[in-house]
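Summary of the model geometry
The chain contents come next:
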Amino acid sequence: MTGPSIPSEALLQAIASGHGGVAASDLPRLAAGVKELSRLFTKGRATASGSYLDRPDLRAAYLQYYVPVNVAKVSSVLAELPQFGDGTHSHGPFRVLDVGAGPGTGSLAVLEWWSEQGGCGPALSVLAVDRSRKALALATGLWTAVTTTLPAGLATFQTAIIDAERPANLRRLAARQFASFDLILVANSLNEWFRGDRDPVGRRAKIIATLLDMLYPCGSLVIVEPALREHTRALHSLRDRLLSLGRCSVYSPCLHEAPCPALAHPEDWCHEERGWQAPPTVAELDRELGFIKDSLKFSYLVLRKDGRTVVPRATDLVRVVSERRPFKGELRMWVCGEGGRRDIGRLDRDRSERNTAWDDCQRGTIIRIESSQRKEGSRLERIPEKGMVEILRRV
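From a predicted model like this one, the values you see are computed outputs, not experimental measurements.

**With respect to the pairing of strand 11 (residues 330–337)**
Buried residues dominate strand 11, accounting for eight of its eight residues. Burial along strand 11 is two-sided: Glu330, Arg332, Trp334 and Cys336 and Leu331, Met333, Val335 and Gly337, pointing in opposite directions, are all buried. Sheet topology places strand 9 (residues 317–320) next to strand 11; three bridges connect them, and they run antiparallel. Residue pairing across strands places Arg319 opposite Cys336, the latter belonging to strand 11. Direction of pairing for strand 10 (residues 325–327) relative to strand 11: antiparallel, over a ladder of three bridges. Of the residues in strand 11, the one forming a bridge with Pro326 is Leu331. What sits between the antiparallel neighbours strand 10 and strand 11 is a turn of two residues, in which Gly329 has the positive phi angle 80°. Hairpin remark: strand 11 followed by strand 12 (residues 340–347), antiparallel, with two residues in the connecting loop.

As structure tokens, this is what we get:
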């Protein structure tokens with residue numbers, strides 16, 4: 001499995017240098033902090049908030065462990081977006097709004113993505129908003145450390161203390177900015193909005209609709225969420241709600257605009273898994289704790305208003321939405337496309353030059369399948385020897 005490279009050396013050095021008053025600590029202390037944060041972000045999610053950044057031990061653990069991981073997750077999603085040279089951006093700086101920015105994880109991922117394009121695009125202008133002054137101070141410190149070698153004005157960073165759960169605050173922000181944004185990012189914060197509300201998805205949809213109004217016509221709104229079933233299914237529901245209102249279209253990961261088929265069964269959900277090379281500190285903490293971070297797991301949604309999609313819509317295109325499921329003499333995977341969510345396999349004895357690409361597929365791969373067959377009364381489809389599998393986009 002291939003995937004995003006580790007965060008840049010400049011970012012890793014900025015984290016290790018302790019910007020924001022946080023210095024790298026000894027491994028056992030960091031490991032204890034990561035373990036506590038892991039509990040808060042999973043079993044204790046209902047009580048987790050930005051307040052963990054107030055504790056030096058948890059702040060250090062978050063910066064040393066979770067910032068590199070989350071930067072890599074967001075970067076892998078940004079890699080799917082149109083590049084600057086495709087003609088969709090031709091006005092001034094590339095303007096980014098990072099909503100619920102925390103210590104700037106999403107903003108730093110945007111900086112990495114922008115830097116990887118080799119200066120072929122416009123200058124970068126990022127506005128990070130969060131309700132926590134301390135989190136934004138950390139974000140500013142990291143950004144400043146990473147961009148010290150860039151020419152002045154090439155990549156600018158501003159912050160604003162705003163409670164994004166109130167649409168009026170965002171509308172006032174838009175009025176002050178006098179312009180739309182090319183990219184709006186909501187990374188690992190959507191699930192924190194309106195907890196305990198009778199209709200959290202509906203309330204979140206109103207916020208996202210407000211953000212869509214602030215998006216440049218050819219811009220992208222990116223949502224990244226933890227790979228937890230509850231939060232991911234809520235993201236699926238949010239997608240369906242927004243599409244039913246006609247406020248946007250899905251750029252990726254979905255290859256269709258129909259209601260999400262994963263919501264048909266309460267145990268189903270659709271998340272991502274991308275390969276990566278863990279930075280040394282993350283790898284050391286994993287060994288200390290017995291964690292396994294050999295891949296990046298998350299869920300995401302990219303929305304646009306211009307109808308553009310990651311690949312052209314077609315009935316024979318599907319995306320792999322499960323792990324590889326090898327059986328004796330057969331390889332199966334779940335896929336999703338305009339035909340819904342389908343279980344497809346290919347017997348080893350039916351491997352041929354036309355379908356050998358099935359062996360190279362993994363979760364997230366976009367493929368074209370022709371001539372798959374389903375026996376009457378069976379839910380499983382099979383790719384026959386003469387069937388065709390073509391990979392259109394790898395992850």
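There's more to say after this.
**Let's talk about the packing of aromatic side chains**
For the coordinates displayed, the defined rule picks out nine aromatic pairs. Relative to Tyr52, the ring of Phe41 has its centre 5.3 Å away and its plane inclined at 75°; by these criteria the two rings are edge-to-face. With a gap of 11 residues between them, Phe41 in helix 2 (residues 27–41) and Tyr52 in the loop between helix 2 and helix 3 (56–78) connect regions that are remote in the sequence. Neither Phe41 nor Tyr52 differs from the other in exposure class; each is buried. Here the aromatic residues Phe41, Tyr52, Tyr62, Tyr65 and Tyr66 are joined through ring pairs into a cluster of three or more. Here the guanidinium or amino end of Arg332 rests over the ring plane of Phe327, the centre of that ring lying 4.4 Å away. Positioned above the aromatic ring of Trp334 is the side chain of Arg341, whose terminal nitrogen or guanidinium carbon lies 5.6 Å from the ring centre.

**Considering unusual backbone geometry**
Going from Ser252 to Pro253, the amide bond is cis rather than trans, its omega being 10°. With respect to the element layout, Pro253 can be found in the loop between strand 6 (249–252) and strand 7 (272–275). Backbone geometry places Asn188, a non-glycine residue, at a positive phi of 60°. On the secondary structure map, Asn188 appears in the loop between strand 4 (181–187) and helix 7 (200–213).

What counts, and where the lines are drawn
- Residues numbered from 1 in each chain as written.
- Predicted model: local features only at pLDDT ≥ 70, side-chain atom pairs only at ≥ 80, totals over all residues.
- Heavy atoms only, no water.
- Buried < 20%, exposed > 50% of the residue type's maximum accessible area, 1.4 Å probe, protein only.
- Helix = DSSP H or I, 4+ residues; strand = E, 2+ residues; numbered from the N terminus.
- Pairing = 2+ DSSP bridges.
- Phe/Tyr/Trp six-rings, centres within 6.5 Å; stacked < 30°, edge-to-face > 60°.
- Lys NZ or Arg CZ within 6 Å of the ring centre and 35° of its normal.

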